[in-house]
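Report on the structure
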Amino acid sequence: MRKSAESGRWSLLSGAVVLSLLAGPAMAADPVPQNDLLNAELWMQRSVEYKANALAVYALGRIRLDQALADKNWTAATEQSGNYQDLPPAVVLDLDETAMDNSAYQTGLVTSGTDFAPKSWDAWVRAEKATAVPGAVEFTQYADQKGVKVFYVTNRSADQEEPTRRNAQALGFPMGGNVDTFLMSKEKPEWGSAKSARRAAIAKDYRIVLLFGDNFGDFSDAANGSDAERQKAYETAKEHFGRDWLMLANPGYGSFESAPYGHNFKLSADEKRAKKIGALEPWVAPAP
């Protein structure tokens, strides 16, 4: 009886194997879609390492803020000029992935197999579902309590200002009182995606003591140059980092990712990927 049952079982298994071979790939399980954002967004949304990194940046921010307030000559803005020493102090933060966490939108691109699109991004902004980057609310409240004006220089567009304000207020960020502290892209004709003009506008009335961002463009307009130009600009400015320019890690998106393909977003995904691979400097193991 046992032998007969085993023979029947092996016959069934053999038949299943033959059928699977004859059917070919069509009957195989669908492969998991590949997405360049997967590891980056998994890290930003789920890792304790990301949270710890953000907390460390904002903890350093408190130390640097106290130092800056004690030194009237301290300024973080290359746009600062004239006799700025007696101007009231201010800090400037980017919003997305610096103060506000949009990883739910980004991970939605991964799970849906879609790419960033202005329409879906606008829907996300208007949903007011962004959360706070760890440490950001606490730092801005600390600055506000010390009489430091907190400005948000963001490339969210002017028509997204109201939902952005409501989202930020709900999270506990200081709102600026009777001062407009949300400087949006295209809010004025001269305010494009480059942020220098907006920092200069703040610097007319405030001593900017710290800049916070997740992208080189939050500190310097040189972010939009070629990879070589960005490296050169970094070398020129690197003394700022860790002192009055505080950078949060964002492996998901930014000018670092688009520089290898010349910020040409019209290229196909494969063309972009090929150029990014071409920008790498790998070590190749010697042949055995």
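Per-chain numbering applies: the sequence of each chain, read as written, is numbered from 1 onward. For a predicted model such as this one, the threshold for reporting local features is a pLDDT of at least 70, and the threshold for listing and counting side-chain atom pairs is 80 or more; totals across whole chains, interfaces and linings nevertheless cover every residue. Computation of side-chain values: all heavy atoms of the structure, hydrogens and water removed.

**Describing the packing of helix α3 (residues 48-69) against helix α6 (residues 136-145)**
Axis lines are fitted to C-alpha atoms, over the contacting stretch for helices. Their N-to-C directions set the angle, which ranges from 0 to 180 degrees. Note on conventions: DSSP H or I runs of at least 4 residues are helices, E runs of at least 2 residues are strands, and numbering of each starts at the N terminus. Interaxial distance between α3 and α6 falls to 9 Å at its minimum, and their mutual angle equals 15°. Accordingly, the angle class assigned to the pair α3 and α6 is roughly parallel. As α3 runs across α6, the sense of the crossing is right-handed. Touching Tyr58, Gly61, Arg62, Leu65 and Asp66 of α3 are Ala136, Glu138, Phe139, Tyr142 and Ala143, all from α6. Put simply, angles under 35 degrees are roughly parallel, angles over 145 are roughly antiparallel, angles from 65 to 115 are roughly perpendicular, and the rest are oblique. Rotating anticlockwise by less than a right angle from the far helix to the near helix defines a left-handed crossing, while the corresponding clockwise rotation defines a right-handed one. Every residue pair with non-hydrogen atoms within 4.5 Å of one another is taken to be in contact.

**Thoughts on the packing of aromatic side chains**
Only centres within 6.5 Å qualify two rings of Phe, Tyr or Trp (six-membered ring in Trp) as a pair; their planes then separate them into stacked at under 30 degrees, edge-to-face at over 60, and tilted for everything else. Inspection of the entire model under this criterion finds 17 aromatic pairs. Taking the centre distance of 6.1 Å and the plane angle of 85° together, the rings of tyrosine 105 and phenylalanine 116 count as edge-to-face. One end of the pair, tyrosine 105, is in helix α4 (residues 103-112); the other, phenylalanine 116, is in the loop between α4 and α5 (118-127), with eleven residues separating them in the sequence. For the cation-ring pair, arginine 62 lies above tyrosine 142, with the distance from its terminal atom to the ring centre recorded as 4.6 Å. Any Lys NZ or Arg CZ that is within 6 Å of a ring centre and within 35 degrees of that ring's normal is treated as a charge sitting over the ring. The ring of tryptophan 74 is capped by arginine 243, whose NZ or CZ atom sits 3.8 Å from the centre of that ring.

**Describing the layout of surface pockets**
Whether a set of points on the 1 Å grid over the protein atoms alone is a cavity depends on a 1.4 Å probe fitting there but being unable to get out, while an open set qualifies as a pocket with protein on both sides within 12 Å along at least five of seven lines; lining residues are those with an atom within 4 Å of a point. Grid points are joined across faces, edges and corners, and a volume is the space filled by probe spheres set on the points. Taken as a whole, the second largest pocket holds about 260 Å³ of empty space. Those elements giving two or more residues to the lining of the second largest pocket turn out to be α9 (227-237) and α10 (255-258). By residue number, the principal contributor to the lining of the second largest pocket is α9, which donates three residues. Classification convention: Asp, Glu, Lys, Arg as charged; Ala, Val, Leu, Ile, Met, Phe, Trp, Tyr, Cys, Pro as nonpolar; all other residues, Gly among them, as polar. Broken down by class, the residue content of the lining of the second largest pocket amounts to seven nonpolar, five polar and two charged.

**Points about the sheet that holds strand β7 (residues 245-247)**
We call two strands paired when DSSP finds no fewer than two bridges between them. Spatially, the five strands line up as an open sheet ordered β5-β4-β1-β6-β7, and their pairing is parallel. This sheet does not close on itself; its edge strands, each paired only once, are β5 (182-185) and β7. Strand-to-strand twist across the sheet, computed as the mean angle between neighbouring axes with direction ignored, equals 20°. Pairing geometry for strand β4 (residues 149-157) and β5, over four bridges, is parallel. Directly across from valine 153, in β5, lies its bridge partner leucine 183.

**A short note on the side chain of arginine 199**
Take arginine 199: it is sitting in helix α8 (residues 196-203). In this scheme, a residue with accessible area under 20% of its type's maximum is buried, one over 50% is exposed, and one in between is partly exposed, where area comes from a 1.4 Å probe on protein chains only. Classification of arginine 199 as buried rests on a relative accessible area of 1%. Side-chain polar atoms of arginine 199 contact the backbone oxygen of phenylalanine 219, separated by 3.3 Å. When neighbours within four sequence positions are excluded, arginine 199 is seen to be in contact with Glu79, Ile208, Leu211, Gly217, Asp218, Phe219, Ser220 and Asp221. Under this definition, polar contacts are N or O atom pairs within 3.5 Å; protein pairs additionally need one hydrogen-donor-capable and one acceptor-capable atom, and for neighbouring residues in sequence, both atoms have to be side-chain atoms.

**Quick notes on the packing of helix α2 (residues 38-46) against α4**
In the contact formed by α2 and α4, the axes pass within 10 Å of each other and the chain directions differ by 150°. One way to sum up the angle between α2 and α4 is to call them roughly antiparallel. As α2 packs across α4, the resulting crossing turns out to be left-handed. Every residue of α4 that contacts α2 at Leu38, Glu41 and Gln45 is listed here: Ser103, Ala104, Gln106, Thr107 and Val110. Within the contact of α2 with α4, the residues separate by chemical class into three nonpolar, four polar and one charged.

**Here we look at the side chain of aspartate 218**
Of note, aspartate 218 is situated in the loop between β6 (207-213) and α9. Polar contacts involving the side chain of aspartate 218 include one to the main-chain amide nitrogen of aspartate 214, which spans 3.0 Å. In contact with aspartate 218, not counting residues within four places along its chain, are Asp94, Thr98, Lys195, Arg199, Leu211, Phe212 and Gly213.

**Here's the deal with unusual backbone geometry**
Across residues other than glycine, the phi torsion is negative in most instances, and most of the peptide bonds are trans. For glutamate 97, which is not glycine, the phi torsion reads 65° and is therefore positive. The residue lysine 186 is not glycine, and still its phi comes out positive at about 70°. Looking at where lysine 186 falls in the secondary structure, it is placed in the loop between β5 and α8.

**What to know about the pattern of salt bridges**
Salt bridges are defined as contacts in which a side-chain nitrogen from Lys or Arg sits within 4 Å of a carboxyl oxygen from Asp or Glu. Scanning all chains against the criterion turns up 17 salt bridges. A salt bridge links aspartate 36 to lysine 276, with the nearest nitrogen and oxygen atoms 3.9 Å apart. Pair noted here: aspartate 36 is in the loop between α1 (2-23) and α2 and lysine 276 is in helix α11 (residues 269-278), with a separation of 240 residues, a long-range link. Of the residues examined, aspartate 36 reaches a relative accessible area of 49% and is grouped as partly exposed. The salt bridge partner of aspartate 96 is arginine 156, with a shortest N-O separation of 2.9 Å.

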